[in-house]
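# Structure assessment
Each chain, letter by letter, is given below.
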Amino acid sequence: MIPILIDGVVQGLQLSLLAVGITLIYGLGGVLNLAHGQLAIVGGVATALLIGGGVNVVAACVLGVLGAGLFALVVDRSLLVPAYRAHGEERLLLGLVLTLGLSLLIDGYLNYQFPNTALTLRLPVPSVNLGGFRVRSASIGTSLIAILAFLVLLGFLRRTLVGKAVRSIIQNEVGAELCGIDATRTRTLILVLSGMLAGLAGVAQGLFSSLGTEMGVEFTILGLIVAVVGGVRSINGTLAAGVLLGIVNAFASYYVGTYLAFIILLLAAMITILVRPSGLLAYWT
Amino acid sequence: MSARRSRAPLASLGAVALVLALLPLATGGSAHYLRLLTLMLAHMAYAVAFNLIFGHTKQLFLCLGALAGGSAYVSVVLARELHLSPWLTMPAGILVAGALGALFSYVSVRRGLGTIFVGIVTLAFSLIFQNVILGLRDLTNGETGIVTRDLGASVLQRAPSSYYAFLLLLVGALLLYDALMRSRLGAAFRALSDDELTAELAGIDVARCKVVAAGVGSALVGAVGALYAYYSGLINPSVYSLVAVDIAVLITLLLGGLGTRLGPVLGGAAFAIIEELVRPFGQLNVLVYGALLIVLFVAFRDGLVAVPGRAAAALLALRRAGG
């Protein structure tokens with residue numbers, strides 16, 4: 001029981017890390033980023049290519065994460081311009097379709113150009129004894145990365161002026177602009193941040209197991225499920241939903257098989273939208 | 001005057017049907033090109049259905065593949081397990097697809113979901129469908145799929161007759177679309193696609209309109225999916241995947257023109273040409289789909305249907321400027 005629980009929490013933290021970028025972008029600009037998983041792949045593939053090119057592993061990981069952020073910056077300045085120019089329902093629709101197109105664009109390119117590139121960081125990862133249970137140190141590493149990322153993110157949003165500006169836009173875009181906050185620049189900043197978080201999730205996945213170019217869709221879907229169950233505007237909700245769904249997934253995979261486990265996650269997202277669109281676990285916005 | 005106006009669409013429909021009926025002659029007996037044309041007809045029929053759902057009532061269904069596949073699997077599994085004729089089981093599949101579509105629409109309208117959440121709910125359903133098919137290995141053979149060749153729908157497996165079966169379905173779909181659009185419901189569609197709130201205030205039952213559009217559209221999607229199951233000779237989940245059906249149909253409809261009568265036909269033709277052009281590049285077709293989706297949605301929302309009108313307007317403006 002306990003090993004499955006630990007496994008679930010580890011997976012769950014990974015899921016939260018993957019999903020929090022979707023939450024941030026949607027909360028801030030109303031764009032539901034369907035290319036978020038592909039951003040993670042961009043970061044992971046960049047890292048794998050750099051390592052393949054002889055760059056030091058740690059430097060490659062940092063550069064991969066920064067690369068995903070840079071890619072997000074380009075996306076923000078080009079693709080999302082028409083979306084942010086629109087308002088209301090039209091912006092939601094444009095954001096959805098444009099990022100769907102972007103996800104296909106990235107998937108098509110990466111699968112064509114780097115069909116067999118996979119990020120597998122073969123770090124020496126001995127298992128350690130944690131309270132009587134053997135846990136892979138890679139699991140601890142990725143979990144620590146996720147927890148650290150969340151602490152930094154929450155600190156940024158709560159303590160810094162820019163973070164407060166972000167929260168004010170999430171609450172009311174027009175109101176924030178009336179107070180002199182530049183919504184466009186803040187959105188760019190958040191998109192870059194969310195791209196870097198996605199890249200971090202991709203690199204962490206490579207550390208934990210393996211990351212291939214074909215996993216983008218799966219990442220996007222998983223991130224979407226977690227973001228939706230967490231209530232696509234709440235960061236705490238995303239963290240809680242990720243851990244919860246990770247545990248559910250671990251137990252379901254163990255007892256009823258992976259197909260049914262995935263169906264359970266999808267049903268959770270569907271039911272959340274239908275029953276409580278603000279999220280099952282949203283308690284702080 | 002009104003009699004003439006009501007006959008004009010039928011005339012253009014007849015012309016379209018005639019051109020499509022003669023098209024196999026242009027292939028010069030090539031089985032490959034006839035197959036491409038048959039696929040084109042299937043795409044056109046999908047797009048007519050999606051036009052009702054998305055073009056007119058703004059419901060972003062990202063589960064066309066799942067609906068088509070659901071209908072196909074219901075029909076094929078029933079035919080195989082109970083040794084029934086496919087022609088008897090196809091209506092069951094179509095009914096399931098229509099009912100599911102209507103259910104999604106009803107629930108979405110009742111819960112007041114916006115476009116984006118309808119998109120997520122239906123996307124989740126798409127993935128559930130894929131996993132159910134993979135999980136029910138005993139009935140569906142998982143990823144390997146089911147061979148449908150010897151189940152008894154031979155009309156759909158011989159070369160020219162299968163083409164005309166799909167043509168019949170497409171013309172039927174277009175006639176149904178015309179009949180719907182000319183009824184009171186059609187007027188309501190036009191009103192609510194302009195502004196839902198105003199339509200509601202004018203006494204239109206917006207919920208009913210949306211559910212009917214989604215139900216009819218989904219049943220039609222199911223019909224195409226079921227026919228395709230017997231035509232292709234083999235069904236597996238990837239035949240009805242998101243990229244294979246939903247994305248392709250979305251691009252087809254955007255190419256042709258959202259909410260127009262002949263948009264799905266023009267878009268289907270254009271999409272078939274594009275597909276043939278990118279075929280040599282293998283995996284890159286997904287990239288082309290993505291680029292098309294972005295460009296079409298941002299810059300070409302009116303579609304090919306609007307091109308002659310725009311060209312005429314430009315010509316007129318040019319003349320006026322010259323004179």
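Look up: the structure comes first, before these words.
Here is a short report on the structure shown in this document. (Residues numbered from 1 in each chain as written. Chains lettered and ligands numbered in written order. Predicted model: local features only at pLDDT ≥ 70, side-chain atom pairs only at ≥ 80, totals over all residues. Heavy atoms only, no water.)

For the rest of this paragraph, the subject is the overall build of chain B. Along chain B, the regular secondary structure elements total 14 helices and two strands. Since a compact globule built from 323 residues should have a radius of gyration of about 20 Å, the 20 Å found for chain B is in line with a globular shape. Projected onto its principal axes, the C-alpha positions of chain B cover 70 × 55 × 40 Å. Here the analysis covers contacts within chain B between residues at least 6 apart in sequence; of these, 77% occur between residues at least 24 apart. Put simply, chain B shows about 14100 Å² of open surface, and 67% of that area lies on carbon and sulfur atoms. Computing the positive centroid from 22 side-chain charges and the negative centroid from 14, chain B places the two 10 Å apart. (Helix = DSSP H or I, 4+ residues; strand = E, 2+ residues; numbered from the N terminus. Rg over C-alpha atoms; globule rule 2.2 N^0.38 Å. Contact = heavy atoms within 4.5 Å. Areas by Shrake-Rupley, 256 points an atom, 1.4 Å probe, with all protein chains shown as cover. Lys, Arg positive; Asp, Glu negative; His and termini not counted. Charge placed at Lys NZ, Arg CZ, Asp CG, Glu CD.)

What follows is about the overall build of chain A. Secondary structure summary: chain A contains twelve helices and four strands in total. In terms of overall size, chain A behaves like a compact globule, its C-alpha atoms giving a radius of gyration of 18 Å where 285 residues would be expected to give roughly 19 Å. Counting only C-alpha atoms and orienting by the principal axes, one finds that chain A spans roughly 55 × 45 × 35 Å. When burial is assessed residue by residue, chain A has 54% of its 285 residues classed as buried. For chain A, the computed accessible surface area is about 11800 Å², with 68% contributed by carbon and sulfur atoms. Side chains of chain A carry 14 positive and 10 negative charges; the gap between the two charge centres is 11 Å. (Buried < 20%, exposed > 50% of the residue type's maximum accessible area, 1.4 Å probe, protein only.)

With that settled, the discussion passes to a nonpolar patch on the surface. Residue and element names in this part refer to chain A. A contiguous nonpolar surface patch, about 740 Å² in accessible area, is contributed by Met1, Ile2, Tyr254, Tyr255, Val256, Leu260 and Ile264. Contributions of two or more residues to the nonpolar patch are made by helix H11 (235-256) and helix H12 (258-275). Among the elements that make up the nonpolar patch, the one with the highest residue count is H11 (three residues). Relative to the helices and strands, Ile2 resides in helix H1 (residues 2-29). (Patch = residues over 30% accessible without salt bridge, like charges linked within 9 Å, V, L, I, M, F, W, Y side chains within 5 Å. Salt bridge = Lys/Arg side-chain N within 4 Å of Asp/Glu carboxyl O.)

All names here are of chain A. Within the structure shown, the criterion is met by eleven aromatic pairs over all chains. An aromatic cluster of three or more residues is present, and its members are Phe251, Tyr254 and Tyr255. For Arg187, the ring lying beneath its charged end belongs to Tyr84, and the centroid distance is 4.0 Å. (Phe/Tyr/Trp six-rings, centres within 6.5 Å; stacked < 30°, edge-to-face > 60°. Lys NZ or Arg CZ within 6 Å of the ring centre and 35° of its normal.)

Counting residues at the interface gives 35 residues for chain A and 37 residues for chain B. If you look at where chain A meets chain B, you find zero salt bridges. Our enumeration of links across chain A and chain B arrives at four residue pairs in polar contact (both at pLDDT 80 or more). Breaking the side of chain A that touches chain B down by element, the ones donating at least two residues are helix H5 (88-113), helix H10 (216-229) and H12 of chain A. Looking at which element gives the most residues to the side of chain A that touches chain B, the answer is H5(A), with 17 residues. By residue class, the composition of the side of chain A that touches chain B is 30 nonpolar, three polar and two charged. (Polar contact = N/O pair within 3.5 Å; in protein donor to acceptor, adjacent residues only side chain to side chain. Nonpolar A, V, L, I, M, F, W, Y, C, P; charged D, E, K, R; others polar.)

Over its 15 residues, helix H11 (residues 242-256) of chain B runs 20 Å from end to end, which matches the ideal 21 Å to within 8%, given 1.5 Å per residue. Burial analysis of H11(B) places twelve of its 15 residues in the buried class, the great majority of the element. Within H11(B), the full set of buried residues consists of Val245(B), Asp246(B), Ile247(B), Ala248(B), Val249(B), Leu250(B), Ile251(B), Thr252(B), Leu253(B), Leu254(B), Leu255(B) and Gly256(B). In the core, the buried residues of H11(B) are packed alongside H5 of chain A together with helix H2 (31-56), helix H3 (64-82), helix H12 (263-278) and helix H13 (285-299) of chain B. (Expected span 1.5 Å × (residues − 1).)

Take the pattern of salt bridges next. Residues and elements named next belong to chain A. Applying the stated rule across the entire model yields seven salt bridges over all chains. Between Asp76 and Arg77 there is a salt bridge, with the nearest N and O atoms lying 3.8 Å from each other. Judged by its relative accessible area of 6%, Asp76 is buried. One salt-bridge network, held together by shared partners, links Arg91, Glu173 and Arg187.

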